[in-house]
Protein chains: 2
Amino acid sequence: MPPAVHVGPDAEPAIARAAEEAGATLAPLEAADAVVWLGHDPDALPELPERVRWVQLPSAGVEKWLDRAGAEAATFTSAAGAYALPVAEHALGLLLAGVRGLVGDARARSWEERAGTTLEGSTVAIVGAGGIGRALIALLAPLEVEVLAVTRRGNPVAGAARTLPAERMDEVWGAADHVVIAAPATSATRHLVGAEQLAAMRDGAWIVNVARGSLVDTDALARALAEGRLGGAALDVTDPEPLPDGHPLWDEPRALISPHAANPASAQDRHLARRVQENVRRFAAGEALLAPVDPEAGY
Amino acid sequence: MPPAVHVGPDAEPAIARAAEEAGATLAPLEAADAVVWLGHDPDALPELPERVRWVQLPSAGVEKWLDRAGAEAATFTSAAGAYALPVAEHALGLLLAGVRGLVGDARARSWEERAGTTLEGSTVAIVGAGGIGRALIALLAPLEVEVLAVTRRGNPVAGAARTLPAERMDEVWGAADHVVIAAPATSATRHLVGAEQLAAMRDGAWIVNVARGSLVDTDALARALAEGRLGGAALDVTDPEPLPDGHPLWDEPRALISPHAANPASAQDRHLARRVQENVRRFAAGEALLAPVDPEAGY
């Protein structure tokens, strides 16, 4: 018996097709075994009929959904990890734009000798080796980049030359040519990068942040960049966010700000469809679903 | 007997070390079996003693050296292909800077909704699949980009979903989301990209040129970009080059110009050392050398 899946609040065609391709039949909510819910407001999700055993949510972060998920008998799954590739691609773009001198090129109005350096042959530290970090490691591999990964416990990460545990973070800053921040925002990671860490970084180092603005001490960063020793900072997230007009980073020749654009809408749709297809397949086969929400753990 | 290699005109330490690591002993010119010549002026290379059987040159293009190479009994080798990776990396950086919206980001002074698209999931045409094109294919592979390669004869290229021969070039422009030019500059490739080709490209397409400026009709490009339908153009080479001050492309929001910086000095030294090491190893082992110069073919 194929599972009956309800796609709501609107029956987004690409998502409905993905469910069907994985073997589901589409159904109204009252006849559904599972729900793919594309809305972002928990209050807009109707009461679930008893036969619904699974709800797929559209975003990676599910803070708002924890109460609802905890109160329902159905399993909730998030889209955590589904958007790793587009975000890792953006991190690579920011890193190359910085290291290869394209930030200066974009602002120039005249042909002059301006050369960046290459990323290939360098050492890049990736702080946080979850889905995004691991996807970035795969993108850096053909560039012959040596990756220094930092994870909570320091367990080896595939493709990284070395992995350090969070407690040895101090060793990271001077050990890499460039640093990418891809760690979750928690109380422990707030201002992970401050004046001391910036001072320890190598001359010419670029720092990229595709995680959350709070991981970097913005004032310390602006001061460090103004000194001119570092390569620069390329930030998809800022603190405060949005970065206010007139902020010194808008005028800083060594800063590149992209307005939280690492996961553009076109990519979201495609990757959510892919995740829905995989989870519907797993649901139909009785296999473990990807990214189940754990209301007690909080993600 | 290890080969005696002379490194000149100056005994550049990294190059001399590379030769030694491949099994050579360093020698003055008069006692040398082979010469690694780092100068760019053919007239500065002294007359070669009869025992010199091989001369390694430092650049990929050897137009200036053809007469000398033809007149000597020794085999000359160029550095063709040695710099493929840094140049391909630059092409990837230009492509990502364009597609991901970083060109606009670098010029912005305010946080607004601005989002590019992703490169992952797109189709990229690579016109010219020599060393640079093939290196770029390897960089695009983990981004799940579908590559459409164009080569002279259309023989299959590893990693490309399809390869077309040059005579079917007309089909390429509308078949890809973005286009990278990496073909040699010849009379046949002059203005390979003109008004007609630009008109055939897809909406939002970025065009990247890391080959030679003459392959693109600059005036036609400037007009096409001004119309606003294309994504933009990211050019490491221009025609004329240097691009003069006040040229419309300097003011074009959809253009990114990097000043012939795809192969920065730091990368040149590293990759030339690697090539010298490989060719000295081959010379010592009696194997075929990489990139022999053919004075009659002209490269």
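Please refer to the structure placed before this passage.
Residues numbered from 1 in each chain as written. Chains lettered and ligands numbered in written order. Predicted model: local features only at pLDDT ≥ 70, side-chain atom pairs only at ≥ 80, totals over all residues. Heavy atoms only, no water.

1. Thoughts on the overall build of chain A
The helix and strand inventory of chain A stands at nine helices and 12 strands. Counting only C-alpha atoms and orienting by the principal axes, one finds that chain A spans roughly 65 × 40 × 35 Å. For chain A, the residues scored as buried account for 56% of the 299 residues in total. Put simply, 55% of the contacts in chain A that link residues at least 6 apart link residues at least 24 apart. (Helix = DSSP H or I, 4+ residues; strand = E, 2+ residues; numbered from the N terminus. Buried < 20%, exposed > 50% of the residue type's maximum accessible area, 1.4 Å probe, protein only. Contact = heavy atoms within 4.5 Å.)

2. Digging into the sheet that holds strand S8 (residues 162–165) of chain A
Residue and element names in this part refer to chain A. Taking strand neighbours across the sheet as the criterion, the seven strands line up as S8-S7-S6-S9-S10-S11-S12 in an open arrangement whose pairing is parallel. Only two strands of the sheet have a single neighbouring strand rather than two, namely S8 and strand S12 (255–257). Averaged over all neighbouring strand pairs, the angle between strand axes comes to 15°, with direction disregarded. Contacts between helix H5 (residues 131–140) and the sheet are confined to strand S6 (123–127), strand S7 (146–151) and strand S9 (178–181), with S6 contributing the most and set at about 165° to the helix. (Pairing = 2+ DSSP bridges. Axes fitted to C-alpha atoms, helices over the stretch in contact; angles between N-to-C directions.)

3. Some thoughts on the sheet that holds strand S11 (residues 232–235) of chain B
Residue and element names in this part refer to chain B. As summarised here, the arrangement of the seven strands in space is S8-S7-S6-S9-S10-S11-S12, forming an open sheet in which the pairing is parallel. Among the strands making up the open sheet, the edge pair consists of strand S8 (162–165) and strand S12 (255–257). Averaged over all pairs of adjacent strands, the angle between their axes in this sheet comes to 15°, without regard to strand direction. As defined by bridge partners, strand S9 (residues 178–181) adjoins strand S10 (residues 206–209) across three bridges and the pair is classed as parallel. Residue valine 180 lies in a different strand from S10, and its bridge partner there is valine 208. Across the sheet, helix H3 (residues 84–99) lies against strand S6 (123–127), S9, S10, S11 and S12, angled at about 155° from S10, the strand it touches most. Those strands touched by helix H5 (residues 131–140) are S6, strand S7 (146–151) and S9, and its axis lies near 165° from that of S6.

4. Looking at the side chain of Ser78(B)
Relative to the helices and strands, Ser78(B) is located in the loop between strand S5 (75–77) and H3. Leave out the neighbours within four places in its chain, and Ser78(B) touches Gln56(B), Leu57(B), Ser59(B), Ala60(B), Val62(B), Arg275(B), Leu290(B), Ala291(B) and Val293(B).

5. Here we look at the packing of aromatic side chains
Centre-to-centre distance and the angle between the planes together describe a pair of aromatic rings. Residues and elements named next belong to chain B. Per the stated rule, a full pass over the model turns up four aromatic pairs over all chains. Ring geometry for tryptophan 54 versus phenylalanine 283: centroids 5.2 Å apart, planes at 35°, classification tilted. With tryptophan 54 in strand S4 (residues 54–56) and phenylalanine 283 in helix H9 (residues 265–285), the pair connects residues that are 229 residues apart, well separated along the chain. Across the pair, exposure class does not vary: tryptophan 54 and phenylalanine 283 are buried alike. A ring pair is formed by tryptophan 65 and phenylalanine 76, whose centres lie 6.5 Å apart and whose planes are at 45°; its orientation type is tilted. Here phenylalanine 76 lies in strand S5 and tryptophan 65 lies in the loop between S4 and helix H2 (66–71), a separation of 11 residues in the sequence. By relative accessible area, phenylalanine 76 is classed as buried at 2%. (Phe/Tyr/Trp six-rings, centres within 6.5 Å; stacked < 30°, edge-to-face > 60°.)

6. Notes on the relation of the copies chain B and chain A
Least-squares fitting of chain B to chain A yields an RMSD of 0.1 Å, with the superposition described by an axial translation of 0.0 Å and a rotation of 180°. Each copy turns onto its partner about a two-fold axis. (Least-squares fit on C-alpha atoms with pLDDT ≥ 70 in both.)

7. What to know about the interface of chain B and chain A
Interfaces are often described in size by the accessible area the parts lose on coming together. In this complex, chain B contributes 55 residues to the contact, which on the side of chain A involves 55 residues. Each partner contributes to the roughly 4,500 Å² buried at the junction of chain B and chain A, and carbon and sulfur atoms together form 59% of this total. Of all residues in chain B, Glu89(B), Arg100(B) and Trp111(B) bury the most surface against chain A, accounting for 19% of the area lost on that side. Our count for the chain B to chain A interface comes out at eight salt bridges. Across the pair Arg270(A) and Glu120(B) runs a salt bridge, and its minimum N-O distance is 2.7 Å. (Buried area = accessible area lost by both parts, 1.4 Å probe. Salt bridge = Lys/Arg side-chain N within 4 Å of Asp/Glu carboxyl O.)

8. Structural notes on helix H9 (residues 265–285) of chain A
Residues and elements named next belong to chain A. Given a rise of 1.5 Å per residue, 21 residues ought to cover 30 Å, and the 30 Å separating the end C-alpha atoms of H9 matches this to within 8%. Listed in full, the buried residues belonging to H9 are Ala267, His271, Leu272, Ala273, Arg275, Val276, Asn279, Val280, Arg282 and Phe283. Its buried side turned inward, H9 meets helix H1 (13–21), strand S3 (34–37), strand S4 (54–56), strand S5 (75–77) and helix H3 (84–99). Looking one or two residues past H9, glycine 286 carries a phi angle of roughly 70°, positive in sign. (Expected span 1.5 Å × (residues − 1).)

9. Section: helix H7 (residues 218–227) of chain B
All names here are of chain B. Taken together, the buried positions of H7 are occupied by Thr218, Ala220, Leu221, Ala222, Ala224 and Leu225. In this structure, the buried side of H7 is in contact with helix H6 (195–200), S10, S11, helix H8 (248–251) and S12. Where H7 starts, the residue carrying a side-chain oxygen 3.2 Å from the main-chain nitrogen of aspartate 219 turns out to be aspartate 217. Directly after H7, the chain includes glycine 228, whose backbone phi takes a positive value near 85°. (Polar contact = N/O pair within 3.5 Å; in protein donor to acceptor, adjacent residues only side chain to side chain.)

10. Topic: the pattern of salt bridges
Summed over all chains, the structure comprises 30 salt bridges over all chains. Across the pair Arg202(B) and Asp177(B) runs a salt bridge whose closest N-O atoms are separated by 2.9 Å. Placement of Arg202(B) in the loop between H6 and S10 and of Asp177(B) in the loop between S8 and S9 is noted, with a sequence separation of 25 residues between them. One continuous salt-bridge network, built from bridges that share partners, spans Glu278(A), Arg281(A), Arg282(A) and Glu287(A).

11. Here's the deal with the packing of helix H1 (residues 13–21) of chain B against H9(B)
Residues and elements named next belong to chain B. Two elements in contact, H1 and H9, have axes whose closest approach is 8 Å; the angle formed by their N-to-C orientations is 25°. Our classification of the angle between H1 and H9 gives roughly parallel. Considering the relative orientation of H1 and H9, their crossing is right-handed. Residue-level contacts link Ala14, Ile15, Ala18, Ala19 and Glu21 of H1 to Asp269, Leu272, Ala273, Val276, Gln277 and Val280 of H9. Of the residues contributing to the contact of H1 with H9, the split by class is eight nonpolar, one polar and two charged. (Parallel < 35°, antiparallel > 145°, perpendicular 65-115°, else oblique. Left-handed = near helix turned anticlockwise from the far one by under 90°. Nonpolar A, V, L, I, M, F, W, Y, C, P; charged D, E, K, R; others polar.)

12. As for empty space enclosed by the protein
One way to see where empty space is left: roll a probe the size of a water molecule over the atoms. If you walk through the whole model with that rule in mind, you get four cavities of 30 Å³ or more. Counted as a void, the largest cavity has a volume near 50 Å³. Forming the walls of the largest cavity are Ala97(A), Leu102(A), Val103(A), Ala106(A), Leu256(A), Ala97(B), Leu102(B), Val103(B), Ala106(B) and Leu256(B). Mapped onto the lining of the largest cavity, the elements with two or more residues apiece are helix H4 (102–107) of chain A together with helix H4 (102–107) of chain B. (1 Å grid on protein atoms, 1.4 Å probe; cavity = no way out; pocket = protein on both sides within 12 Å on 5 of 7 lines; lining within 4 Å. Points joined across faces, edges and corners; volume = space filled by probe spheres on them.)

13. Side note on the nonpolar core
Membership of the largest hydrophobic core comes to 74 residues, with the highest contact counts inside it found for Leu92(A), Leu119(A), Leu140(A), Leu92(B), Leu119(B) and Leu140(B). Discounting chain neighbours no more than four positions away, the residues touching Leu92(A) are Leu119(A), Leu136(A), Leu139(A), Leu140(A), Leu143(A), Leu92(B) and Leu96(B). (Core = buried A, V, L, I, M, F, W, Y, C linked by side-chain atoms within 4.5 Å.)

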